[in-house]
Each structure stands twice: as C-alpha cells, then as structure tokens.
Amino acid sequence: MPTVSVIVPARNEVFLQKTIEDMLAKAQGDIEVIVILDGYWPIPQLKDDDRLVIIHRGQGMGMRAGINGAAAIARGKFLMKCDAHCMFGKGYDVKLAAECKKNWVVVPRRYALDPEKWELIDNPKYPIDYMYLSKDLHGVVWGEKNKDPKLKKKLLDETMSNQGSVWFMQKSYFHELELMDEATYGTFWNEFQEVGFKCWLSGGRVMVNKKTWYAHWHKTSDFGRGYSLSGSNQPKAQAAVKKWRKKGWRKQTLPLPWLVERFWPVPSWPEDRSKWTS
Amino acid sequence: MSKLSVIIPSRNEIFLPNTVKDILAKAQGDIEVIAVLDGYWPNPLLEDNDRLIVLHRGQSMGMRAAINGAAAIAKGKYIMKCDAHCMFAPGFDEVLKADCDDNWIVIPRRKRLDAENWCIQDVGKPDIDYHFLGCPMTNRDGYEMHGGIWPHRAVTRTDPKYDIDDTMSFQGSSWFMTAKHFNDTLHGMSEEGYGSFCQEPQEIGNKTWLSGGRIVTNKKTWYAHLHKGPRYGRGYFQDRRTLTRGHTWSGRHWMNNKEPGMKYKLEWLVEKFWPVPTWPEDWKSRIDEKVR
C-alpha cells in the first residue's frame, strides 16, 4: 500500500509527463501518482508505470472536482496535490510525511523551474518559504521573511499563506476540512485560500518544511493555459473568500484577526485593528 | 432525473468498446459510465464521450478493487455494475430506477449475447430471471455455496404480478442498486476472505437479504451477457487454488453466520425460498459437515 498518494490535476499540460517521471524518480517511499486528465488525452500517451493511476474524464470538470475524484480513490495515508509542471527534491515524500501532524497542511520550500531545460532558474526572489495574506485576502510572497537569515535556520515553520501549487496533508484531514468545496468556491479559483483559511481558522497549522523543496514553473515562456478560466466562476470564489472576514465556514473556531495578529506585523494590514474585518 | 453511474471493471476485454457504446446509446436518463482499465490499455483506445470516465491503473488490482474505486468517484444516486461484454435494452436505466428501493439490488432479465454480431443469441432456452444459492454440504467439489439457475421458479411465476419478484441470488454479471446501499450497508466490496474476485453475488446478495434488504429480478427490461461459446481470451481470472480458498471461506462464513450486523441468519433466507434445489431436508443438522 502506498504511504503517499500524489494528486496531479491536468488540463492540456505540456510538462505533465516530465512532472510524473520526476515525482516517481525522486520518491523514496511507497507512493502512487493519480493523474486526472480533465477532458483531454496527452499526445503522446503517458508512459505506463505500476504506480500510476489515471482518471480520464470525457468532459472537463475542473480542478476541484478533479482533486476530489482522485482523493476518493487515494490509498495513501497522506495526500499531496501538485500542479502538472513541478520538479521535486529527492525524498520529498518521506521528508514531508515525517513532519506532518494530523491537523497540519505542509508545503515544501519553493524554487523556480525552467520546464524546458528541467532545471532550477537562478532568481534572487527564490527560494520562497513564506507568503502572507494581504488585506484584500490575496497570497503574496513575503520577501522580507524569505531573506531573513535567522528564519533560514528554522527548517520547519508556520506560514500564513501559500501559492497552492503543492500542498501535503493527511488524507483524514483533507476530509475533515471538507476539501475541495466546489459548491461554495466554484471549479478553480482561490484554492489555497480555501485550504489555508479552513486550516488556520479551525485550529490547524500551515507549515513550510524547508528540508525539502519543489520547483514550480516560472512563467517565462507561453505554453498556453491549462485549466480554462472561462466558466470557472471567479466572482463566486471571491465572494466565498470575502466571507472569511466574518465567518467563512461552519467549522470555523477562530476569527480572521487572530491569524493576522499571529503573524503581526503583516504587510498591507493597517495598525487600526477596527479596519481589519471591513 | 437521478443520475446513474455504470461501473465496468475491465481486464483485457475485447468487447469493452461495444459495451460502453451500447450503454451510452441505450440509456435514456442522466448517466455516466466509468470504465476501469485494470492494468491494460485497449487498442484502439475507447472512443471519447462526455459521459465516459476512464479509470486506468498501471497495475491490476482486481475486480473488487476496481468496483470500489469506480464507486468512490461515481456521482450517481444509483450505481450499476456490469461485465465488459453486455448489451442492454433501450431505456434499461429508467425501468431499473422505477423499481429500486434504497436497500434493494435489482437484476434485469438476462438474455444471451452473440458478441461478435452484437445481437441476442437464441439458443432455444428461456431467458434467465432466477438463481438459487446452492447448499455447500451437498456440493461435490467442496464446502462451497454456488449460485445456480432456477428454471422451476421461473415457470411457476410467469404471471405479470411477478414482473418485479424476489430472487435468492443472481449471476453477478450485472447488478443495480442505490449508491447509498452500496456505501452505507454493503460498505463496498470486501476482499477479506473472498479475495479479489470470486463470490461477488454471494457477498453482496447475502449482505442485502440478511440485513433486511431485498434482491429482485426485473422482467420489464433485460441485458444480454456474453454466451460462452468460442473463447475470447481471459479477462479477470484467478488460479484454482485461490478460487477454492475464496469459495470455501465464503461458504463457511455464511453457513456459520459470521457476517457482523445482520438482521437475519442464513436459515431465514433458505426458509424464505424453501424448497431450494440442492438443500436436503436435514441440512441444519449437517452444517458442520466437511467443515474441517
């Protein structure tokens, strides 16, 4: 039985095969990779592997439905969701599983990937360990914290937000957080707002594990869009995110200001606390 | 209308494309077909369809795991499992939905399929509506509870009032039920003891009858299942020893009422259908026969 089930939602992804091969090669524990081919077949076909499971949908259903379908058949104790254009550090699976409490969402350190050369891009903005949620509730790279030499030594730390391209958690926690909620958030947008808010504000922790890393496609060249944004209902997602200023979810136990206070001072948030929930 | 999810576990099945196409063409209500390609790719690939989901496993995990996996992603209020070599009557889905309570298993009337010509094969025998469960103590090959076709029950129950009628068992090549029954009462297919493949109707059928549910045959619609004649290669199979182990485990399990959470004992089921072919009058005093 696999320990980690990796979920890769894919829609017209040029680097899917490379991503799969990379994950299979770099894993040191028992994993399975579940790919959702959302309304398309890659050309050429994906290479067969004993550890690869494919769900192909004749009609694209969107990112959230794809993740949910894969989670429903996942056999691992842990789930890792990953975009279809990512490269990983050796033993990422074992290192992430080693430090993942039952109410944690863990993300590895992030680098920039040149997907054509399949190598890291040397960019002064990276590595990215920390992101914050801005006053308008967007995830933003926290440059100051990422460059802080003292924080660099802290190999496991809390992070206020994340990009959403890779996240890791126990499967039981995925279900406890009622992920992914397509009815409320629509098919695509604000994935990590949903994950991060639900986790932080119901007593969990979003953690960055710097002992391992992944590299995410740094958009230098255009290879077309994966998931289609038309009909993905961004206003619906924005409305759902906005609700977190008051109450975002029935299992919520902590208010949004608690999270801001925990990471205070957070860029873009005013000193005047009375303005935080407006 | 409520959605039906059709689950087709498949392992090297040459008639899978025909089966998928047939179901998509014959269904009249909202439907999705989930084809499980268990460790292989058909050549050519299945024709794309908006209502088709393909679940491909790099490594075959067997029939029960295939059914469970497909059921886990199924979105229908109803699920139907069928073998990858079956043809259906037009509108089968709506007819089956019309008579299916929450805790029922519904089996359509079964005909014989000439798969090469994709038509019903007339072999001069009646359609099949009823199966019985055989008595393990009188079974010649070991302590095994096998299903058998029950023609006598069919001839005595031809009146239209029996169009929806109790059946003790079924073949297993196709069954229909609510997803709720599959998930909440059956808790999916169990590999414990049975292994990955054998005794599918015994498992889900006995769990259904003995938990207070019902298995019915529905004579108002039909499916046709590949009539064994020429060989078409092997789909799912297991070696004889593995099968015997699963059969024997299942026989003992049910005869000794080992299934947890049941409302009735097996005795209740045998009496309900009494007299049942292969069961002797004194069967109760012989339960322990051949057990060791």
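One can find the structure itself at the top, above this paragraph.
All of the points below concern the structure found in this document. Worth saying up front: this structure is predicted, and the values here are computed from it rather than measured.

Residues V105 and W167 of chain A together with W175 of chain B are the most contacted members of the largest nonpolar core, which totals 98 residues. Among the elements that take part in this core, helix α2 (residues 63-73) of chain B stands out by supplying six residues, more than any other. In contact with V105 of chain A, not counting residues within four places along its chain, are W167, F168, M169, Y173, L177, F192, V195, C199, R205, V206 and M207 of chain A. Core analysis: the second largest hydrophobic core is formed by 65 residues, V35 of chain A together with I23, L24 and L52 of chain B among them.

For the rest of this paragraph, the subject is the packing of helix α2 (residues 63-73) of chain A against α2 of chain B. It is the contact of α2 of chain A with α2 of chain B, at a shortest axis distance of 8 Å, that shows an interaxial angle of 150 degrees. As the angle between them shows, α2 of chain A and α2 of chain B are arranged roughly antiparallel. You can see that α2 of chain A and α2 of chain B cross each other, and the crossing is right-handed. Here G69, A72 and I73 of chain A of α2 of chain A lie close against α2 of chain B, whose contacting residues are G69, A72 and I73 of chain B. In terms of residue class, the contact of α2 of chain A with α2 of chain B is built from four nonpolar, two polar and no charged.

A few words now on the environment of W274 of chain B. By the secondary structure assignment, W274 of chain B is in the segment after α8 (266-272). Ignoring any residue separated from it by four or fewer positions in sequence, one finds W274 of chain B in contact with W279, P280, E281 and W283 of chain B.

Before going further, it helps to examine the pairing of strand β6 (residues 104-114) of chain A. All names here are of chain A. The buried count for β6 comes to 10 of 11 residues, which makes it a mostly enclosed element. Taken together, the two bridges between β6 and strand β7 (residues 119-120) define a ladder with antiparallel strand orientation. The residue bridging L113 from the neighbouring strand is L120, located in β7. Between β6 and β7, which pair antiparallel in sequence order, lie four residues; one of them, W118, sits at a positive phi of approximately 55 degrees.

Residues in a regular strand project their side chains so that they alternate between the two faces of the sheet. All names here are of chain B. Here strand β4 (residues 78-82) lies mainly inside the structure; five of its five residues are buried. Along β4, one buried face is formed by Y78, M80 and C82 and the opposite face, lined by I79 and K81, is buried too. Of the pairings in the sheet, the one linking strand β1 (residues 4-10) to β4 comprises four bridges and is parallel in character. Within β4, the position partnered with I7 by the bridge is K81. Where β4 lies against strand β11 (residues 174-178), five bridges are found, and the strand directions are antiparallel. Within the sheet, the bridge partner assigned to I79 lies in β11 and is M177.

When the charged atoms of two side chains lie near each other, side chains of opposite charge can form a pair. Counting across every chain of the model gives 36 salt bridges over all chains. Between K81 of chain A and D83 of chain A there is a salt bridge, with its nearest N and O atoms 2.9 Å apart. Here K81 of chain A matches D83 of chain A in class, with each residue buried. D165 of chain B is paired through a salt bridge with R157 of chain B; the nearest N and O atoms lie 2.5 Å apart. Three or more residues are tied together by salt bridges with common partners; here these are R64, E194 and K198 of chain A.

Looking now at the interface of chain A and chain B. If you look at the interface, chain A gives 17 residues, while chain B gives 17 residues. In total, chain A and chain B occlude about 1700 Å² of area from one another, counting both sides; carbon and sulfur atoms represent 54% of this. The tally of links between chain A and chain B comes to zero salt bridges. Inspection of the region where chain A meets chain B yields six residue pairs in polar contact (both at pLDDT 80 or more). Counting only elements with at least two residues in the side of chain A that touches chain B, the list comes to β3 (52-57) and α2 of chain A. Top contributing element to the side of chain A that touches chain B by residue count: β3 of chain A, with six residues. Of the residues assigned to the side of chain A that touches chain B, the class counts are seven nonpolar, five polar and five charged. Pairing of β3 of chain A with strand β3 (residues 52-57) of chain B involves five bridges; the strand directions are antiparallel. Across the sheet, H56 of chain A pairs through a bridge with V54 of chain B, a residue of β3 of chain B.

Calculation notes
Residues numbered from 1 in each chain as written. Chains lettered and ligands numbered in written order. Predicted model: local features only at pLDDT ≥ 70, side-chain atom pairs only at ≥ 80, totals over all residues. Heavy atoms only, no water. Core = buried A, V, L, I, M, F, W, Y, C linked by side-chain atoms within 4.5 Å. Buried < 20%, exposed > 50% of the residue type's maximum accessible area, 1.4 Å probe, protein only. Helix = DSSP H or I, 4+ residues; strand = E, 2+ residues; numbered from the N terminus. Contact = heavy atoms within 4.5 Å. Axes fitted to C-alpha atoms, helices over the stretch in contact; angles between N-to-C directions. Parallel < 35°, antiparallel > 145°, perpendicular 65-115°, else oblique. Left-handed = near helix turned anticlockwise from the far one by under 90°. Nonpolar A, V, L, I, M, F, W, Y, C, P; charged D, E, K, R; others polar. Pairing = 2+ DSSP bridges. Salt bridge = Lys/Arg side-chain N within 4 Å of Asp/Glu carboxyl O. Buried area = accessible area lost by both parts, 1.4 Å probe. Polar contact = N/O pair within 3.5 Å; in protein donor to acceptor, adjacent residues only side chain to side chain.

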